[in-house]
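A structural walkthrough
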Amino acid sequence: MADLNTRISDFIWKNLNEKQVKGEKDPFWESLRNTGTELWLDTGDIEEAEANWTAEMSALTTNNTLLNNEIQKGIYDVFISEAKSIVRELPVEARVKEIAFILNARHGLRLALMFGGFVSVELHTETSHDIKAIEYYGRRYHEISPEHFIIKVPFTAEGLLGARRLKESGVRVNFTLEFSARQNVIATMVARPDYLNVFLGRIGAYMFNNKLGDGSGAGEKAVIASQNWVTALSARNPWQTKLIAASLRSHKQLELLAGTDVFTIPSKVAAAGRKELSGQFSGRTHENYEVSLYSSAKGAHIEKFWKVDDNVLSLAERLSGNVPSTVQELIKIAHEEGCGDLFPVLTREEKAIIAGDGKIPVHSRWEKKISEGRIAPDTLLTLAGLASFTADQKMLDERIRSIIE
């Protein structure tokens, strides 16, 4: 297998002659950068990135959805066909997964070599509940380009343990698919990643779509709470973790959340911000944003997005000090500490419901479980996000399969 991995790495690096994009200085983005916020573009589209890249930007981030968007354009079809011979000795499903890995690494390298910054690369969604696979593929990404790649690992019980192992072996980790301060406290203490996230746009959409509120303020409040917790924990920890405000939906959030450690900015949001905003930024990480809640939000535990209670702190300390060796042990401890709603036990039917509803869960389906403390809104959004990425990963895999079979 070591020989195969070497051949795959050589193939990924073969004939990479990307032109370097020299970002021009821009006072607008410099003002935002001066608040302490790192600026990352959230796109896998090279033309979009080139149109928005400036000297103040330091990274790009991709995911299963963004990569799938690029693969479906057909720009890698010939490359996929050539990759077939490299992995020919593997069973067909293993071939598909390896070529998906090759595509992630190849596209990530192209972005890194063109723009000269870091690139966050995503694991195949099938690894989300497999600690050994998280560690195996995370290490392989790192070995291909340790100076450029940051490995994205999703918030699952397996992800917490897999990310911790990667971190301890010197691999940079971007822990992803979090939606709350409490998830980020757990992730900071247990996974110890270089970066973690709040996908704030989906929080507002959850509120609005389910008629729990008008959607304003909730995502921003979750980011500010997460930022303050992560900053406080990093100040006392030997390891340092930074928070990403991810899934920005509005250019106005560039102002509202200025001073957050990192923004991952979709190209459309970057372009709109540059056009519409004054460019006079100041740090806003101590704002207390108001959240508009309707009467229907009673019992919906919306506060879970920004509140960190003593049970969460106790769980974080317990897991950090003595990391479980198995997922079953981690989940058992979470339930013992009164945090079972972070790691619920779901039936096959319930998992299908989450996948069928898309990125934003239908609150009414889970109202009883939420009120009983058996699941929570932040957990639902994490599960829905992973299911959405899985659907896009399946589309990508199917294109690979159609070419190699």
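Residues numbered from 1 in each chain as written. Predicted model: local features only at pLDDT ≥ 70, side-chain atom pairs only at ≥ 80, totals over all residues. Heavy atoms only, no water.

All right, on to the packing of aromatic side chains then. The final tally for this structure, using the stated rule, is 14 aromatic pairs. Relative to Trp29, the ring of Phe28 has its centre 4.8 Å away and its plane inclined at 90°; by these criteria the two rings are edge-to-face. Taking relative accessible area as the criterion, Phe28 reaches 5% and is therefore assigned buried. Exposure remark for Trp29: the relative accessible area of 3% places this residue in the buried category. Here Phe28 and Phe281 contribute two aromatic rings whose centre-to-centre distance is 5.2 Å and whose plane-to-plane angle is 80°, an arrangement assigned as edge-to-face. Placement of the pair is Phe28 in helix 2 (residues 27-33) and Phe281 in the loop between helix 13 (267-276) and helix 14 (310-321), with a sequence separation of 253 residues. Since its relative accessible area comes to 11%, Phe281 is described here as buried. Ring-pair connections join several aromatic residues into one group, and the members of that group are Phe101, Tyr136, Tyr137, Tyr141 and Phe149. The ring of Trp306 has Lys221 sitting right over it, with the charged end atom 5.7 Å from the ring centre. (Phe/Tyr/Trp six-rings, centres within 6.5 Å; stacked < 30°, edge-to-face > 60°. Buried < 20%, exposed > 50% of the residue type's maximum accessible area, 1.4 Å probe, protein only. Helix = DSSP H or I, 4+ residues; strand = E, 2+ residues; numbered from the N terminus. Lys NZ or Arg CZ within 6 Å of the ring centre and 35° of its normal.)

A word on helix 13. For helix 13, the set of buried residues is Ser267, Val269, Ala270 and Gly273. Down the axis of helix 13, the buried side of the element spans an arc of 165°, and every buried residue falls inside it. Residues of helix 13 that are exposed and angled more than 90 degrees away from the buried face: Lys268 and Lys275. Looking at the packing, one finds that the buried side of helix 13 touches helix 2, strand 1 (38-41), helix 3 (46-52), helix 12 (253-256) and strand 8 (262-265). (Arc of directions from axis to C-beta. Contact = heavy atoms within 4.5 Å.)

Moving on, we get to the side chain of Thr241. The topology assignment puts Thr241 in the loop between helix 11 (218-236) and strand 7 (242-246). Looking at Thr241, its side chain comes within polar contact range of the main-chain oxygen of Pro193, at 2.7 Å. If near-sequence neighbours (up to four positions away) are discounted, Thr241 is found in contact with Thr188, Arg192, Pro193, Asp194, Leu196, Val230, Ser234 and Asp261. (Polar contact = N/O pair within 3.5 Å; in protein donor to acceptor, adjacent residues only side chain to side chain.)

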